[in-house]
2 protein chains.
Amino acid sequence: MSALGNDRWRASFEVEAAGWHRYTVEGWTDPYGTWRHDLEKRIDAGQDVEVELAVGAGMLRAAADRTKRLARSLRAHAEKLEEGSHEERLSAALDPGVAERMRDLPESWRVSRYPQELFVQVDRERARFGAWYEMFPRSASEDPDRHGTFDDVIARLPYIKSLGFDVLYLAPIHPIGRAFRKGPNNVPDADPDHVGSPWAIGSEEGGHEAIHPELGSVEDFERLVPAANGEGIEIALDYALQCSPDHPWVKEHPEWFRHLPDGSIRYAENPPKKYQDIYPLDFETEDWRALWRACNDVLRVWIDRGVRIFRVDNPHTKPFAFWEWLIADVKADYPDVLFLAEAFTRPRRLERLAKLGFTQSYNYFPWRNEKLELEQYLTELSTPPVVEYLRANLWPNTPDILTAKLQHASQPAFAQRFVLAATLGASYGIYGPPFELMENAPRGDGSEEYLDSEKYQVRHWKLETSAGGSPLRQLIAQVNRIRHENRALQFDRGLHFHSVDSPQLLCYSKVSPERDNVVLVVVSLDAHWTQSGFTDLALGELGLDDDEVFEAHDLLTDHRFTWQGGRNYVELDPWRVPAHVFRLTSSRRSEDARTERRNEQPHEPARPQPETHPEEP
Amino acid sequence: MSALGNDRWRASFEVEAAGWHRYTVEGWTDPYGTWRHDLEKRIDAGQDVEVELAVGAGMLRAAADRTKRLARSLRAHAEKLEEGSHEERLSAALDPGVAERMRDLPESWRVSRYPQELFVQVDRERARFGAWYEMFPRSASEDPDRHGTFDDVIARLPYIKSLGFDVLYLAPIHPIGRAFRKGPNNVPDADPDHVGSPWAIGSEEGGHEAIHPELGSVEDFERLVPAANGEGIEIALDYALQCSPDHPWVKEHPEWFRHLPDGSIRYAENPPKKYQDIYPLDFETEDWRALWRACNDVLRVWIDRGVRIFRVDNPHTKPFAFWEWLIADVKADYPDVLFLAEAFTRPRRLERLAKLGFTQSYNYFPWRNEKLELEQYLTELSTPPVVEYLRANLWPNTPDILTAKLQHASQPAFAQRFVLAATLGASYGIYGPPFELMENAPRGDGSEEYLDSEKYQVRHWKLETSAGGSPLRQLIAQVNRIRHENRALQFDRGLHFHSVDSPQLLCYSKVSPERDNVVLVVVSLDAHWTQSGFTDLALGELGLDDDEVFEAHDLLTDHRFTWQGGRNYVELDPWRVPAHVFRLTSSRRSEDARTERRNEQPHEPARPQPETHPEEP
């Protein structure tokens, strides 16, 4: 621990394994150190220190009684304080090495321990940094007459790799209930040949541990996982704890559901809305231990099949205590498992889920579109206290969310929202292919639902898989590559917003923890017209001096600009370039220059030290 | 508890007795309330609610099993949901009174309790508000040939009352040791007739429970206490836990002191300085229980003699655990006892002492003289978090502190420091008569010691006790009267600094908790020249509208000014008026005007509510 002044101390430790780490703080007084410190002052003042040397020898002998390992050497040192020439005795008394050993041998009653244990949860890198791609495997077939299969997903992997994604998240892959099955666009009474919603989990073919037969077999799935890994892509599954009326648990464990006085099971409702195709699990059932255990077992089945990432559906509608137990229990055995919370709920509940163990969380990014709200919200997400417990995953769209901003939007709006998500967030995701194909038609009832949503029907996307593809796909691939090549973009921390004198331009930088990688992004929020303005860069945040000449290398266009100072002209035509993503490098970055700069930099102002009154005894 | 939105809640409770109050927070879910809420929506949507009424009746009957008192009425109410006309049954189901009773009958497993207990320490009013006057009783005699006595102090009471003080704090009144007694101006070897320092406590005449014979007897002291109370003045004593070598404890309990290997007792030192006249107590002695108990008993002796306020000498040189135990133990029996910590130490230690029980604390006010440092420091002391646990007592001088600012100072400097202390702090004190007599001669060794300090000799002050007295005494009396008449000055909270365009003028307001008393103070920090400037008042802080005409009544000069808006001219000639102490009153303070103003005031901006995604089940 190192003293910061004014009785504040700082300490750090390195974590070397994933999992939970506990720590606390202990402190103690160091009478020998105090004695030695005073002795120096007595000697300097020319005082007789004969009795003090005896005091020190006594402390050494008392300490020797508290240690086996050092007992002999401490006793021997005590003798040195009492025997030999005056100089030898003083020198022995002031020996710094002995003082250091004595410091670490406190009498036990002197030790104060902070009574709380503090925790650090350590995850592997993908918890912090990754680009997600969500898809419905049943739509993976390009043949309009065929339901998609895991093999189609395997065939789609090179495409997803070409876009540069790290995680492939699949909508639920389990058997789909038939009772009250929903038809296209969520119409209540489906034809028998309608496929239903994959979130209505469970049929006579099985429940959460089973696979929808039309997608393939367990063996097919177990081929998909390594195939994806081979492309550098990890598979994430949906973990949606709800049942269709046909789920095996309904017959096997009726006590896990809530019953009405007429004997029926209470289906999901948000009065007056009714969701007859879904039975919520009753987490408060008297048989809760068995139910919670079964939910835990479901996860372990998929972990055994090679899955290490779960996107959790609506976690806020289940008890906090359940998640706290479940996540800790699973991570105790598999510290590499990650959980993304679909916590589209109120802020304090979203935060609570993060605190009790979720690795990442969805958040309000989809609805933050204006300059000020983006600056404020992303600053909140990337600075303490929030960044200490919550890792945001930024999604411009999901199967449930075609925002007003993207409804009927043209390519620039998609490109802008993409650049924002991928450069503001170390973790982000898109729901494709609708995103990269710029699907923009809403169901039209004022909701954020897609028209002909894959949630209720199989779609067959026409993907131009030849090299290149659409400009948006080129941008996605380019930005994902830039993310991998620039460590600054791999952390939520290190984000800083800079002034730019246009309400339609957003300007921000990210700096790597080592401060050796600096990325500056300028995004236009105007999807229609060219916007321009002058930046007012906070150069200190960028590690630059006021007068320093630096290079701004636009990683999207490969243009290089030589800039000096904080005021620089930027102009963005949304139809040509949605954003600048600059890597900044100082032109005079030599060791000499850096040393010089460090010396010139004003030190952080010292904390004001109170004038203390000289203490009288 | 009332909801503030976004899952934040607020609750308050009134404390009605001095002492410690424990509290925590419990919360639970209210399934009946949720059911009733949903039922309303179902009814509005015209749904069949037959089965829901049975659900509600079931909940009522289950709750009846949890309560004796309400069991019958709940069961009867359950029947009302099942019998009677449709309208009667619905009306019974929606009955808000029953819902309220059900809310307070949670199943025990639904109740979450915040696991920590929180504490509020409640003290009587004098803990928050009071003007202190410190004196050496031995100097209370105006006869230069006579040592002061308690009777002289009694004779001095009308004078102290005329100055308007609430607390009379006496320097230690115990027998003074003879060994290594200090002479005038702290010279080491005193003559036998020198009186010594009253902080060198204990002689053959007794220790901390005894009275210095020259001051009088226990009976004399027991006359002083009620005599002071009769004048509205409370006696405070010094609690200085240290002993002269002649203290009875040295012989009776040698184990309470630290011994050197040569058998001698370790006297107080701050190497290389030596204080041979003082033996510190060894709070870490193996016999610590007996020592701590004896220190506690000392307090109780003086409590029995009528004392309820103790000024604690150098508490930071004794263990935190000792104070935590001592104060809690004493206050458990005597919740009206107050402790002022002479904690002239580092900020975190000063704060820690406040947190572990001290009622009030000395602080760095004596050394805060410039505008910015006064604004910053007093804002720190009067706002959370500090104001939550620390009550500052502001002293412009003490027997140990004649600040550089006051050394050789003229009357304006004394007047300015006085007004600052008495109007910035709800509690403040002066060390008199040196303060009101404007003693300004330092010992001259660069220290803050007074020349011919009462700490080492008896002084005989010439007090002009006729009506009026010096201008400084008139000011003291006037300001203390103003403090009693203006509730705003009786709280540390409610302080706000306003802009004034002169670096030598300080401008601040205090507003009472009820916001019905507003005092505005302008003090010059220049003790030599006239200073003037324009204020830029934060009118909202003063409860005034932008365009409002208000009266500024100078309570020192009785001048009345009609002001409008925040910009007002102020001028202070330090030799004529050290400060303005205005009471502000709105000219149009009628009920109508107030209502109007309230309606006009912009509301606090609403917390941003996230756009939450509509939840799917």
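To start, this report covers the structure provided alongside it.

Calculation notes
Residues numbered from 1 in each chain as written. Chains lettered and ligands numbered in written order. Predicted model: local features only at pLDDT ≥ 70, side-chain atom pairs only at ≥ 80, totals over all residues. Heavy atoms only, no water. Helix = DSSP H or I, 4+ residues; strand = E, 2+ residues; numbered from the N terminus. Buried < 20%, exposed > 50% of the residue type's maximum accessible area, 1.4 Å probe, protein only. Contact = heavy atoms within 4.5 Å. Phe/Tyr/Trp six-rings, centres within 6.5 Å; stacked < 30°, edge-to-face > 60°. Lys NZ or Arg CZ within 6 Å of the ring centre and 35° of its normal. Buried area = accessible area lost by both parts, 1.4 Å probe. Salt bridge = Lys/Arg side-chain N within 4 Å of Asp/Glu carboxyl O. Nonpolar A, V, L, I, M, F, W, Y, C, P; charged D, E, K, R; others polar. Least-squares fit on C-alpha atoms with pLDDT ≥ 70 in both. Patch = residues over 30% accessible without salt bridge, like charges linked within 9 Å, V, L, I, M, F, W, Y side chains within 5 Å. Areas by Shrake-Rupley, 256 points an atom, 1.4 Å probe, with all protein chains shown as cover. Pairing = 2+ DSSP bridges. Axes fitted to C-alpha atoms, helices over the stretch in contact; angles between N-to-C directions. Right-handed = clockwise from strand over helix to strand, strands pointing away. Parallel < 35°, antiparallel > 145°, perpendicular 65-115°, else oblique. Left-handed = near helix turned anticlockwise from the far one by under 90°. Arc of directions from axis to C-beta. Expected span 1.5 Å × (residues − 1).

Attention now goes to the overall build of chain A. Within chain A, the secondary structure is distributed over 16 helices and 26 strands. Its C-alpha atoms give chain A principal-axis dimensions of roughly 105 × 65 × 45 Å. In chain A, which comprises 617 residues, the share counted as buried stands at 52%. Counted over contacts in chain A with a minimum sequence separation of 6, partners at least 24 positions apart contribute 73%.

What follows is about the packing of aromatic side chains. Within this structure, the stated rule accounts for 77 aromatic pairs over all chains. Considering the side-chain rings of Phe-136 of chain A and Trp-199 of chain A, the 5.9 Å spacing of their centres and the 75 degrees angle between planes classify their relative orientation as edge-to-face. Separated by 63 residues along the polypeptide, Phe-136 of chain A in the loop between β7 (130-135) and α6 (150-163) and Trp-199 of chain A in the loop between β8 (167-170) and α7 (218-230) bring together distant segments of the chain. Across this residue pair, the class does not change: Phe-136 of chain A and Trp-199 of chain A are buried. Ring plane angle 15 degrees and centroid distance 5.5 Å describe the contact between Tyr-362 of chain A and Trp-395 of chain A, whose orientation is recorded as stacked. In this pair, Tyr-362 of chain A sits in the loop between β16 (360-361) and α12 (371-382) while Trp-395 of chain A sits in the loop between β17 (393-394) and α14 (411-424), placing the two residues 33 residues apart along the sequence. Both residues of the pair, Tyr-362 of chain A and Trp-395 of chain A, count as buried. One aromatic cluster in this structure is built from Tyr-239, Phe-283, Trp-288, Trp-292, Phe-310, Phe-322, Trp-323, Trp-325, Phe-339 and Phe-358 of chain A. The aromatic ring of Phe-365 of chain A is capped on one face by Arg-417 of chain A, whose charged end is 4.3 Å from the ring centroid. Sitting over the face of the ring of Phe-491 of chain B, Arg-128 of chain B holds its NZ or CZ atom 3.8 Å from the ring centroid.

The next point concerns the interface of chain B and chain A. With 52 residues of chain B at the contact, the number on the chain A side is 52 residues. Here chain B packs against chain A, burying approximately 4800 Å² in sum over the two surfaces, 52% of which is carbon and sulfur. At the boundary of chain B and chain A, one finds 8 salt bridges. Asp-7 of chain B is the partner of Arg-346 of chain A in a salt bridge, and the nearest nitrogen-oxygen pair spans 2.5 Å. Of all the secondary-structure elements, those providing two or more residues to the side of chain B that touches chain A are α1 (31-44), α2 (50-64), β11 (268-270), β12 (273-275) and α11 (347-355) of chain B. Classifying every residue of the side of chain B that touches chain A gives 19 nonpolar, 10 polar and 23 charged.

The two copies are related by a screw motion: chain B maps onto chain A through a turn of 180 degrees and a shift of 0.1 Å along the axis, at an RMSD of 0.2 Å. What the superposition gives is, in effect, a two-fold axis relating one chain to the other. Minimal C-alpha distance to the rotation axis in chain B is attained by Gln-116 of chain B, lying at 5.8 Å. In this assembly, 100% of the residues forming the interface of chain B have copies in chain A that are likewise at the interface, indicating an isologous arrangement.

As a further point, take a nonpolar patch on the surface. Residues and elements named next belong to chain A. Taken together, the side chains of Met-1, Trp-9, Val-25 and Tyr-114 define a hydrophobic patch exposed on the protein surface, amounting to about 450 Å² of accessible area. By the secondary structure assignment, Tyr-114 is in the loop between β5 (112-113) and β6 (118-122). By relative accessible area, which is 38% here, Tyr-114 ends up partly exposed.

Going from Pro-384 of chain B to Pro-385 of chain B, the amide bond is cis rather than trans, its omega being 0 degrees. Among the structural elements, Pro-385 of chain B can be located in the loop between α12 (371-382) and α13 (386-389). For the peptide bond that leads from Gly-432 of chain B to Pro-433 of chain B, omega is -10 degrees, which places it in the cis range. Located in the positive-phi region is Asn-6 of chain A, a residue other than glycine, with phi close to 50 degrees. Looking at where Asn-6 of chain A falls in the secondary structure, it is placed in the loop between β1 (2-5) and β2 (8-10).

With that settled, the discussion passes to the sheet that holds β16 of chain A. Residues and elements named next belong to chain A. Here we have 8 strands laid out as an open sheet, ordered β16-β15-β14-β9-β8-β7-β18-β17, and parallel in their pairing. Sheet topology places β16 and β17 at the edges, where each strand pairs with a single neighbour. As paired elements, strand β15 (residues 338-341) and β16 share 2 bridges and run parallel to each other. By the bridge assignment for β16, Leu-340 is matched with Gln-360. Strands β7 and β18 (427-431) of the sheet are contacted by helix α15 (residues 471-485), whose axis makes an angle of about 160 degrees with β18.

What follows is about the pairing of β8 of chain A. Residue and element names in this part refer to chain A. By the alternation rule, side chains of β8 split into Val-167 and Tyr-169 and Leu-168 and Leu-170, which are all buried. Read as a crossover between parallel neighbours, the route from β7 over α6 to β8 is right-handed. Strand direction decides the pairing type here: β8 and strand β9 (residues 234-239), joined by 4 bridges, are parallel. Considered in β9, the bridge of Val-167 is made with Glu-234.

A few words on the packing of helix α3 (residues 71-82) of chain B against helix α4 (residues 86-94) of chain B. All names here are of chain B. Across the interface, α3 lies against α4 with an axial gap of 7 Å and an inter-helix angle of 140 degrees. Classified by the angle their axes make, α3 and α4 are oblique. For the pair α3 and α4, the crossing hand works out as left-handed. On the side of α3, the interface is formed by His-77, Lys-80, Leu-81 and Glu-82, while α4 contributes Arg-89, Ala-92 and Ala-93. Looking at the contact of α3 with α4, its residues break down into 3 nonpolar, 1 polar and 3 charged.

Attention shifts here to the side chain of Asp-277 of chain B. With respect to the secondary-structure elements, Asp-277 of chain B resides in the loop between β12 and β13 (279-280). Excluding residues within four positions of it along the chain, Asp-277 of chain B makes contact with Ala-179, Phe-180, Lys-182, Ala-200, Cys-243, Ser-244 and Pro-245 of chain B.

Right, let's talk about the sheet that holds strand β19 (residues 495-500) of chain A for a bit. Residue and element names in this part refer to chain A. Pairing within the open sheet is antiparallel, and its 8 strands lie in the order β24-β23-β26-β21-β20-β19-β22-β25. Where the open sheet ends on each side, the last strands, each with one partner, are β24 (560-564) and β25 (567-572). Looking at each pair of strands side by side, their axes are set apart by 35 degrees on average, direction ignored. The pairing of β19 with strand β22 (residues 531-536) spans 2 bridges and is antiparallel. Looking at the pairing, Ser-499 lines up with Asp-536 of β22.

Before going further, it helps to examine the environment of Ala-78 of chain B. Among the secondary structure elements, Ala-78 of chain B is positioned in helix α3. Along the backbone, Ala-78 of chain B and Val-55 of chain B are 23 residues apart, and their C-alpha atoms lie at a distance of 9.9 Å.

Another point: α11 of chain B. All names here are of chain B. Burial in α11 covers these residues: Pro-347, Leu-350, Glu-351, Leu-353 and Ala-354. Viewed along the axis of α11, the buried residues span an arc of 155 degrees, placing them on a single side of the element. Those residues of α11 that are buried are in contact with α10 (320-333), β16 (360-361), α12 and α13. Of the residues trailing α11, Gly-357 is marked for its positive phi of about 140 degrees.

An ideal rise of 1.5 Å per residue puts 20 Å on 14 residues; helix α14 (residues 411-424) of chain B measures up with 20 Å between its terminal C-alpha atoms. For α14 of chain B, the tally of buried residues reaches 13 of 14 residues, placing the bulk of the element in the interior.

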